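Notes for the structure review
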Amino acid sequence: MATRSEEIQKRRIFGIISHPDAGKTTLTEKLLLHGGAIREAGTVKARRNAKFAKSDWMEIEKQRGISVTSSVMQFEYEGKMVSIMDTPGHNDFGEDTYRILTSVDSAVMVIDAAKGVEAQTVKLFKVCSMRKIPVFTFINKLDRQSKDPLECMSDLEDALGLPSTAVTWPIGNGLTFEGIYDRLENKVYLYRKKDTVIELGANGVFGDTLEGVISQANLDILREEMELLDGAGNPFDLDAIKAGKLSPVFFGSALADFGVTCFLEHFLQWAPAPGPRKTTTGEVNPTDEFFSGFIFKIQANMNPAHRDRLAFFRICSGTFERGMSVTLSRTGKSMKLSQSTQLMANERETVETAIAGDIIGIYDSGNYQIGDTLTDRKEKLFFEPLPTFPPELFCRVRPVNSLKAKQFQKGVQQLAQEGAIQVYHNEFNDVILGAVGQLQFEVFEYRLHNEYNSEIRMEPLDFSVAKWIAPMQDLKEEDIKEMLVARSAMAYDHYERPVLLFANQYTLNNFMQKHPEVKLLDATEVDDSAYQEN
Ligand code: G4P
């Protein structure tokens, strides 16, 4: 039997990031097919639809035909236990999408070969780069007319500042697409003769193996491009890949299931197994005996029959055993973990045991918050706080019926705890919501109405940038209020820290020019750890 340490080494947790429509769902589905987790293509989408039908507040998803929530999909492939964290794919994504990326060990970035790097990919990539996790790139839709592959590569560098190294390379483009060349394994996979793999000799594409197999025009271009890549491209460097400094690039077509297995096999070989995680008092190793982990997502009311919530928990060390008692570090309270579940899309099986690198669902009747640490260690433990993401949309919100202010306050507080939305207030105690996507407001309104029986009025505010103020010795809050420029305001976050809101980048620049003495911080730079223990 494998030891716990060997079992941990088999685990791979990754998230797939992409701009909507680049092919994330299609690729996920193909990976699950290869892993034997599903039998037919279309299952992931169908499963999503089935899930919609079951849940009530997710009605909003059904109406909009999108997925707001996310789940974990697991499969086994060549001895590796793979967990894919599914992230919401629509443009109206929320903080959930970002937060998922704080729990994964690597990411796969899907890019539409005709479009290159798009806006949402940039935002999601920033989170990966902040965490320094390896990012694997899959350039998709090669069966269609695409951008020049060299252009796709330089796009990564220009738009993301991410150096890349091509592992596979396309042969031909669009109608003339003939296959991919695996530069490391020195093999060619033919598109029209699926399952045909040609092993090239010592001279690679410059030898004669490909002559007469692919068109001469494509062979000439391939040789030219290989000369260029061999001479001027970034060499393959596994250490740099593991450090998140170099992205291995693969080409293929998720829809045609071409280039996918080749990608998967390389990926599983190079993607890291669960590693140590930082806490406020040093590192926790996955092989440490004591049990520990953190909650990175709370999903409400998955089952309308029970008004409970499900906390997504990443195990960082030790062994989970159903029924075990742990301490919630934030409150010091003892909790019994008797109701736990696997998170495989819609199949919710009770989990009896699990180890580091596993993600489990824990039923929650309102005790947990995003970022909470649970451990059976005697001493308190706090994993690095999950970053706050920069909100870009703001609105002021009030209950329509002021007699129902209590329900309103309770709803706001609970949804903020869940991390569904960011809550601020101004000096008049008006509630101000901050979100990264419009959909978060809609979900908020819907849930307040449906779960807390509170009708609300939302009034959009003309701000798009929030900045925190770095602690300063000689400046008082009152002084900063005096400094406010047109179209800016001061609010307070849930830790009562002052936050400056600006209409746009121009307003912010204006403020910074006038008051260089005030040091402003981004949401991601604010240190929450000092507040976490309270
Ligand atoms: P997303 O999750 O990233 O939003 O993208 P999704 O997989 O849903 O794919 C978006 C569209 O792109 C889908 O077409 C899908 O079939 C298509 N697609 C994905 N991969 C490839 C590929 O490799 N080649 C080509 N040619 N198309 C691809 P749709 O018409 O919008 O949806 P559907 O009706 O096919 O589901």
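Conventions adopted
- Residues numbered from 1 in each chain as written.
- Predicted model: local features only at pLDDT ≥ 70, side-chain atom pairs only at ≥ 80, totals over all residues.
- Heavy atoms only, no water.
- Helix = DSSP H or I, 4+ residues; strand = E, 2+ residues; numbered from the N terminus.
- Buried < 20%, exposed > 50% of the residue type's maximum accessible area, 1.4 Å probe, protein only.
- Contact = heavy atoms within 4.5 Å.
- Areas by Shrake-Rupley, 256 points an atom, 1.4 Å probe, with all protein chains shown as cover.
- Near = heavy atom within 4 Å.
- Polar contact = N/O pair within 3.5 Å; in protein donor to acceptor, adjacent residues only side chain to side chain.
- Nonpolar A, V, L, I, M, F, W, Y, C, P; charged D, E, K, R; others polar.
- Pairing = 2+ DSSP bridges.
- Axes fitted to C-alpha atoms, helices over the stretch in contact; angles between N-to-C directions.
- Parallel < 35°, antiparallel > 145°, perpendicular 65-115°, else oblique.
- pLDDT = per-residue confidence, 0-100.
- Expected span 1.5 Å × (residues − 1).
- Core = buried A, V, L, I, M, F, W, Y, C linked by side-chain atoms within 4.5 Å.
- Domains from an automatic or database assignment.
- Right-handed = clockwise from strand over helix to strand, strands pointing away.
- Phe/Tyr/Trp six-rings, centres within 6.5 Å; stacked < 30°, edge-to-face > 60°.
- Salt bridge = Lys/Arg side-chain N within 4 Å of Asp/Glu carboxyl O.

Bringing the overall build of the chain into the picture now. For the chain, the helix and strand inventory stands at 15 helices and 30 strands. Expressed as a percentage of its 534 residues, the buried residues of the chain come to 55%. Nonlocal contacts in the chain, meaning residues at least 24 apart in sequence, comprise 69% of its contacts between residues at least 6 apart. Accessible surface, the chain as shown: approximately 23,200 Å² in total, 47% of it carbon and sulfur.

Another aspect to go through is the site of the ligand. Residues in contact with the ligand amount to 17 residues; listed here are only the nearest, Asp21, Lys24, Thr25, Thr26 and Asp143. Contact distances for the ligand include 3.2 Å between a nitrogen atom and a side-chain N or O atom of arginine 144. Relative to its unbound accessible area of 700 Å², the ligand is 69% covered by the protein chains. Per-element tally for the shell around the ligand: the top contributor is helix H2 (residues 24–34), with 3 residues. Its residues assigned to classes, the shell around the ligand comprises 4 nonpolar, 7 polar and 6 charged.

The next point concerns the sheet that holds strand E6 (residues 164–166). In any sheet, the strands associate via hydrogen bonds between backbone groups, in a parallel or an antiparallel arrangement. The 7 strands are arranged E2-E3-E1-E4-E5-E11-E6 in an open sheet whose pairing can be described as mixed. Every other strand in the sheet has two partners, leaving strand E2 (72–77) and E6 as the edge strands with one partner each. Across the sheet, the axes of successive neighbouring strands diverge by a mean angle of 30 degrees, strand direction being ignored. Where E6 lies against strand E11 (residues 247–251), 3 bridges are found, and the strand directions are parallel.

This part takes up the packing of H2 against helix H10 (residues 260–270). For the pair H2 and H10, the least separation of the axes is 10 Å and the interaxial angle reads 75 degrees. When the axis of H2 is compared with that of H10, the two are roughly perpendicular. Across from Leu27, Lys30, Leu31 and His34 in H2, the residues of H10 making contact are Val260, Thr261, Phe263 and Leu264.

If you check the backbone angles, asparagine 186 has positive phi at about 60 degrees while not being a glycine. Tracing the backbone shows asparagine 186 in the loop between strand E8 (179–182) and strand E9 (187–190). The phi angle at asparagine 453 is positive, at roughly 55 degrees, despite the residue not being glycine. Overall, asparagine 453 belongs to the partly exposed group, its relative accessible area being 43%.

Buried residues dominate H2, accounting for 8 of its 11 residues. For H2, every residue scored as buried is listed here: Lys24, Thr25, Leu27, Thr28, Glu29, Lys30, Leu31 and Leu32. Phi turns positive one or two residues past the end of H2, at glycine 36, with a value near 75 degrees.

Before going further, it helps to spend a moment on the sheet that holds E9. Reading across the sheet, the 4 strands line up as E7-E8-E9-E10 and stay open at both edges, with antiparallel pairing between neighbours. Unpaired on one side and paired on the other, strand E7 (168–171) and strand E10 (197–199) mark the two borders of the sheet. Within this sheet the neighbouring strands show an average axis-to-axis angle of 25 degrees, counted without direction. Across 4 bridges, the pairing between E8 and E9 is antiparallel. Looking at the pairing, tyrosine 181 lines up with valine 188 of E9. Taken strand by strand, helix H8 (residues 216–232) contacts E7 and E8, and its axis lies near 150 degrees from that of E7.

When you line up the elements, arginine 99 lands in helix H5 (residues 95–100). Arginine 99 sits in the buried class, given a relative accessible area of 7%. Setting aside its immediate chain neighbours within four residues, arginine 99 contacts Phe296, Ile370, Leu386, Phe389 and Gly419.

Mean pLDDT for the chain: 85, with 87% of residues reaching 70 or above. Counting interchain partners and residues more than four positions distant, the pLDDT-below-50 stretch residues 60–70 has 38 contacts.

For H8, which comprises 17 residues, the first-to-last C-alpha distance of 24 Å matches the rise-based estimate of 24 Å (1.5 Å per residue) to within 8%. Buried within H8 are the following residues: Asn218, Leu219, Leu222, Arg223, Glu225, Met226 and Leu229.

So, on to the nonpolar core. Grouped together as the largest cluster of nonpolar side chains are 80 residues, with contacts concentrated most on Met109, Leu210, Leu222, Phe320, Leu337, Tyr368 and Leu374. Examining the composition of this core, we find that 6 residues originate from one element, strand E15 (residues 309–317), more than from any other. Split by domain, the residues of this core number at least three in each of domain 1 (13–70 + 85–270) and domain 2 (277–375). By size, the runner-up hydrophobic cluster in this structure holds 28 residues, among which are Leu27, Val110, Phe136 and Ala254.

Within strand E5 (residues 135–140), 6 of the 6 residues are buried, leaving the element largely enclosed by the surrounding structure. Residues Val135, Thr137 and Ile139 point to one face of E5 and Phe136, Phe138 and Asn140 to the other, with burial holding for every one of them. With 6 bridges joining them, strand E4 (residues 106–112) and E5 adopt parallel strand pairing. From the neighbouring strand, isoleucine 111 faces E5, where its bridge partner is isoleucine 139. In this fold, E4 hands off to helix H6 (residues 119–131), which returns the chain to E5; that crossover is right-handed. Inspection of the sheet shows E5 paired to E11 by 3 bridges, in the parallel sense.

One can find serine 83 in strand E3 (residues 80–85). Sequence-distant contacts of serine 83, that is, excluding residues within four places in its chain, are made with Arg12, Ile13, Phe14, Val72, Met73 and Gln74.

Glancing now at the packing of aromatic side chains. Counted according to the given criterion, the structure contains 20 aromatic pairs. Geometrically, the ring pair formed by phenylalanine 291 and phenylalanine 320 is tilted, given 6.2 Å between the ring centres and 45 degrees between the ring planes. Residue phenylalanine 291 is found in the loop between strand E13 (282–284) and strand E14 (292–300), and its partner phenylalanine 320 is found in strand E16 (residues 319–321); the two are separated by 29 residues along the sequence. Judged by relative accessible area, which is 0%, phenylalanine 291 ranks as buried. Judged by relative accessible area, which is 0%, phenylalanine 320 ranks as buried. Between the aromatic rings of tyrosine 424 and tryptophan 468, the centroid separation amounts to 6.3 Å while the plane-to-plane angle is 50 degrees, which identifies the pairing as tilted.

Next up on the list: the pattern of salt bridges. Under the defined criterion, the tally for this structure stands at 23 salt bridges. Residue aspartate 112 is joined to lysine 141 by a salt bridge in which the shortest nitrogen-to-oxygen separation is 3.5 Å. Note that aspartate 112 is positioned in strand E4 and lysine 141 in the loop between E5 and helix H7 (149–160), a separation of 29 residues in sequence. Judged by its relative accessible area of 5%, aspartate 112 falls in the buried class. Owing to a relative accessible area of 18%, lysine 141 belongs among the buried residues under this scheme.

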